[in-house]
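Analysis of the macromolecular model
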Amino acid sequence: MATGKVMVEKVGGRSTATSCFSKYPLKFLLPTKAAPAGTDVVWIYSITYGGGIVSGDSISCEFTIGDGCTAVITTQSSTKARIGSESLLVVIPDPVTCFSTARYYQKQIFRLVSDSNLVLVDWITSGRHANGEKWDFEFYKSINNVYLEDDYPLFLDTVLLEKRSIQSIAERMQDYHTIAMVILFGSKLKEIQKQVQENVKKMMSEQLQISYGGRSRRQNSVSSSPNRFMKPEFIASCSTFGHEGKGVVIRIASDSTESVYNFLRQQLAVLQPLLGQAPYAC
């Protein structure tokens, strides 16, 4: 049985949570004032007691977003969601941060119709830096599968990080401390997709110029230094998926969590008119 369930439907022309259930260690919060006047959206927050899934608890949630509704989910859990016609679901959790020796597994399944809209952020940090932890967990697996009608696979993705005897996770991740994935799908997000792709292209062009410039300066100052490319502090890439490139996926690796927060704030700020406030604004 799911740890939590929420159903959002149109009531009196507005998106409304018509059903909400949760049990320990999860509690949903549906503040009535979360959506400013003039917006039609349900914000779904949650509290996890006792450390949640990173501490070994099993949390699974089911969400149904009815036709024409808009909902925002900030919950970090294994999730099943159905998104109706002309609906928008925005999933914007904080990053997973695993403690030393932790084992983490999460599977999210999203079922859409052809005119559904989805924004999904899934990300992880290297650990609790204050405790000296850097990719020190045992196992991390995050699955994100998106299907259209009749279980047609639209987007299937798995990230697996596991300790090995030959090479640690930290060695494989090198100096990067955060990795993230962002999915933007649907006609409501067409202009946002275009803008994000342009922004990423410009950003990476600047990053690569800095990296090559740094290499050139080192070569000029120390003639015996090896010919090495200076690794960018922030890497992002974009690619399209689905029929006629209706979806866009952005993948990110960064040496700091704050730089990813900044990227998400900047790129998703254009959602404010739809959501009443910008994602990750606080």
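Please refer to the structure higher up on the page.
Notes on the structure in this doc start here. (Residues numbered from 1 in each chain as written. Predicted model: local features only at pLDDT ≥ 70, side-chain atom pairs only at ≥ 80, totals over all residues. Heavy atoms only, no water.)

1. Concerning the overall build of the protein
If you tally the helices and strands in the protein, you get 4 helices and 15 strands. Across the 282 residues of the protein, 45% fall into the buried class. Counting contacts in the protein only where the partners sit at least 6 residues apart, residues at least 24 apart contribute 60% of the total. Total accessible area computed for the protein in this model is approximately 14100 Å², and 50% of it derives from carbon and sulfur atoms. (Helix = DSSP H or I, 4+ residues; strand = E, 2+ residues; numbered from the N terminus. Buried < 20%, exposed > 50% of the residue type's maximum accessible area, 1.4 Å probe, protein only. Contact = heavy atoms within 4.5 Å. Areas by Shrake-Rupley, 256 points an atom, 1.4 Å probe, with all protein chains shown as cover.)

2. Quick notes on the pairing of strand β11 (residues 139-148)
A large share of β11 lies buried, amounting to 8 of its 10 residues. Note that strand β9 (residues 103-112) and β11 share 9 bridges and pair parallel. Bridging from a neighbouring strand, Arg111 pairs with Tyr147 of β11. Relative to strand β12 (residues 152-162), β11 runs antiparallel, the two sharing 10 bridges. Residue pairing for β12: Val146 is matched across the bridge by Phe155. Where β11 hands over to β12, the hairpin turn is made up of 3 residues, of which Asp150 adopts a positive phi near 60°. (Pairing = 2+ DSSP bridges.)

3. Here we look at the nonpolar core
Considering soluble globular proteins, one finds that nonpolar side chains tend to be buried as a cluster. The biggest cluster of nonpolar side chains holds 31 residues, and the ones touching the most others in it are Leu184, Ile250 and Leu264. Elements with a minimum of two residues in this core: β8 (88-91), β10 (117-125), β13 (178-185), α2 (190-221), β14 (234-241), β15 (247-254) and α3 (257-268). Membership of the second largest hydrophobic core comes to 29 residues, among which are Phe28, Cys69, Ala71 and Ile183. (Core = buried A, V, L, I, M, F, W, Y, C linked by side-chain atoms within 4.5 Å.)

4. Description of the environment of Leu189
Positionally, Leu189 belongs in the loop between β13 and α2. C-alpha of Leu189 to C-alpha of Gly247: the two residues are 58 residues apart in sequence and 8.9 Å apart in space. If we ignore the near neighbours within four places in the chain, the residues touching Leu189 are Leu88, Asn117, Leu118, Val119, Leu184 and Leu271.

5. Digging into the pattern of salt bridges
Applying the stated criterion across every chain yields a total of 10 salt bridges. Linking Glu133 and Arg128 is a salt bridge whose minimum nitrogen-to-oxygen distance equals 2.7 Å. Judged by its relative accessible area of 8%, Glu133 falls in the buried class. (Salt bridge = Lys/Arg side-chain N within 4 Å of Asp/Glu carboxyl O.)

6. What to know about the side chain of Ser126
With respect to the helices, strands and loops of the structure, Ser126 is situated in the loop between β10 and β11. Sequence-distant contacts of Ser126, defined by excluding residues within four places in its chain, comprise Glu133, Lys134, Trp135, Asp136, Phe137 and His177.

7. Some points on the packing of aromatic side chains
This model, assessed by the stated rule, comprises 11 aromatic pairs. Measuring from centroid to centroid gives 5.8 Å for Trp43 and Tyr45, while their planes differ by 20°, and the two rings are stacked. Look at Trp43 and you get buried, because its relative accessible area is 4%. Judged by centre distance (6.0 Å) and plane angle (70°), the rings of Trp135 and Phe137 are edge-to-face. Pair check on accessibility: Trp135 and Phe137 agree, each one buried. The structure contains a cluster of three or more aromatic residues connected by ring pairs, namely Tyr104, Trp135, Phe137 and Tyr140. The positively charged end of Arg111 is found above the aromatic ring belonging to Tyr147, 5.1 Å away from the centroid. (Phe/Tyr/Trp six-rings, centres within 6.5 Å; stacked < 30°, edge-to-face > 60°. Lys NZ or Arg CZ within 6 Å of the ring centre and 35° of its normal.)

8. Considerations on a nonpolar patch on the surface
Together, Tyr24, Leu29, Ile47 and Tyr49 line one region of the surface with nonpolar side chains, adding up to about 390 Å² of accessible area. With respect to the helices and strands, the residue Tyr49 is situated in the loop between β4 (42-48) and β5 (60-65). (Patch = residues over 30% accessible without salt bridge, like charges linked within 9 Å, V, L, I, M, F, W, Y side chains within 5 Å.)

9. Description of the sheet that holds β12
The 7 strands lie next to each other as β2-β1-β5-β7-β9-β11-β12, forming an open sheet whose pairing is mixed. With one partner strand each, in any of the chains shown, β2 (14-22) and β12 form the two edges of the open sheet. Each neighbouring strand pair of the sheet contributes to a mean axis angle of 10°, computed without reference to strand direction. (Axes fitted to C-alpha atoms, helices over the stretch in contact; angles between N-to-C directions.)

10. Considering unusual backbone geometry
A cis amide bond links Tyr24 to the next residue, Pro25, at an omega of 10°. Turning to its location among the elements, Pro25 is positioned in the loop between β2 and β3 (26-29). The backbone of Glu244 shows a phi angle near 55°, a positive value even though the residue is not glycine. With respect to the element layout, Glu244 can be found in the loop between β14 and β15. The exposure class of Glu244 is exposed, given its relative accessible area of 73%.

Coordinates in, geometry out; function isn't part of it.
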